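# Coordinate analysis (summary)
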Amino acid sequence: ELWRSWLAAVQDRWQRAAEPPQLALMGLLLGRAEQLSGPLEPAIEQLVGEEQVVADPAAALAVWGPLSRRVPHWTYARLKAADLSLQLQQLNSCGEHLDGATDDQRQLPWLCDIQARLAMARQQPREALGRWDEAIRLAGASGDGELAELFRQRRREAEWEAEWITQTPPVQAASGDQALD
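A few points on the structure. (Residues numbered from 1 in each chain as written. Predicted model: local features only at pLDDT ≥ 70, side-chain atom pairs only at ≥ 80, totals over all residues. Heavy atoms only, no water.)

### Some points on the nonpolar core
Membership of the largest hydrophobic core comes to 29 residues, with the highest contact counts inside it found for Trp-3, Trp-6, Ile-44, Val-63, Trp-64 and Leu-67. Broken down by secondary-structure element, the contributors of at least two residues to this core are helix H1 (2–11), helix H2 (20–31), helix H3 (40–47), helix H5 (57–70) and helix H6 (75–87). Per element, the largest residue contribution to this core is six residues, and it comes from H5. Within the second largest apolar cluster, 15 residues are counted, among which are Ala-119, Met-120, Ile-136 and Ala-148. (Core = buried A, V, L, I, M, F, W, Y, C linked by side-chain atoms within 4.5 Å. Buried < 20%, exposed > 50% of the residue type's maximum accessible area, 1.4 Å probe, protein only. Helix = DSSP H or I, 4+ residues; strand = E, 2+ residues; numbered from the N terminus.)

### Observations regarding the packing of aromatic side chains
Scanning all chains against the criterion turns up four aromatic pairs. On the basis of an interplanar angle of 20° and a centroid distance of 5.6 Å, the ring pair of Trp-3 and Trp-6 is categorised as stacked. Of the two residues, Trp-3 and Trp-6 are both situated in helix H1; the distance of three residues between them amounts to about one turn of the helix. In terms of burial, Trp-3 and Trp-6 fall into one category: buried. Consider the rings of Trp-110 and Phe-151, whose centres lie 5.2 Å apart with planes at 80°: the pair is edge-to-face. (Phe/Tyr/Trp six-rings, centres within 6.5 Å; stacked < 30°, edge-to-face > 60°.)

### So, the pattern of salt bridges
Counted under the stated rule, the structure contains 11 salt bridges. With its nearest N and O atoms 3.3 Å apart, the salt bridge here joins Arg-13 to Glu-19. Using a relative accessible area of 37% as the deciding quantity, one classes Arg-13 as partly exposed. On the accessibility criterion, Glu-19 (31% relative accessible area) is partly exposed. Through salt bridges with shared partners, a single network forms among Asp-83, Asp-113, Arg-117 and Arg-154. (Salt bridge = Lys/Arg side-chain N within 4 Å of Asp/Glu carboxyl O.)

### Describing the environment of Gln-52
Structurally, the position occupied by Gln-52 is in helix H4 (residues 50–55). Exposure remark for Gln-52: the relative accessible area of 18% places this residue in the buried category. For the pair Gln-52 and Gln-15, spaced 37 residues apart in sequence, the C-alpha separation works out to 8.7 Å. In contact with Gln-52, other than residues within four places in its own chain, are Trp-14, Gln-46 and Leu-47. A distance of 2.9 Å separates a polar side-chain atom of Gln-52 from the backbone nitrogen of Gly-49. (Contact = heavy atoms within 4.5 Å. Polar contact = N/O pair within 3.5 Å; in protein donor to acceptor, adjacent residues only side chain to side chain.)

### Some words on the environment of Asp-103
By the element assignment, Asp-103 lies in the loop between helix H7 (91–99) and helix H8 (109–121). Asp-103 sits in the exposed class, given a relative accessible area of 62%.

### A few points about the side chain of His-97
For His-97, the location among the structural elements is in helix H7. The exposure class of His-97 is buried, given its relative accessible area of 2%. Reaching out from His-97, the side chain makes a polar contact with the side chain of Ser-68 at a distance of 3.0 Å. Once residues lying within four places of it in the same chain are set aside, the contact partners of His-97 are Gly-65, Ser-68, Arg-69, Arg-78, Ala-81, Ala-82 and Ser-85.

Set out below in structure tokens:
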């Protein structure tokens, strides 16, 4: 079976899944997903999990990015692709992954968090604060107080950073003493 041969080819070195021949094969598998003996998602999530993402974020994005576009309803792939794009400073790519979110995915606090962090990277603090407000609301509504607190902390840090940027006068000279500069 095609699925087993793909898995065998990438299991010993997961980065192979990011190489063009294996990505093409994965594309074929996605096109035949309903014919497979089991779902692809859990196996891919295990293959390119958190440990692999930390070890090689660029290779992980090369896997999660196409999956986010090809399987738009797969929330994990979308969040991973957007988050990794942001981490790698690929802001336009991050925005594209976020823009492709389904209505259900837009109701996830983690998606709002990535939107907020993207807004901060684009130096749009008001937008970021609004997205964190929504993340806090959604996390609270789902009963996840710890997650809501994480987003409150991120919001406070962003608020402080935005305030600091607007209140810091431009530096005229390095030492502040015109005679020395």
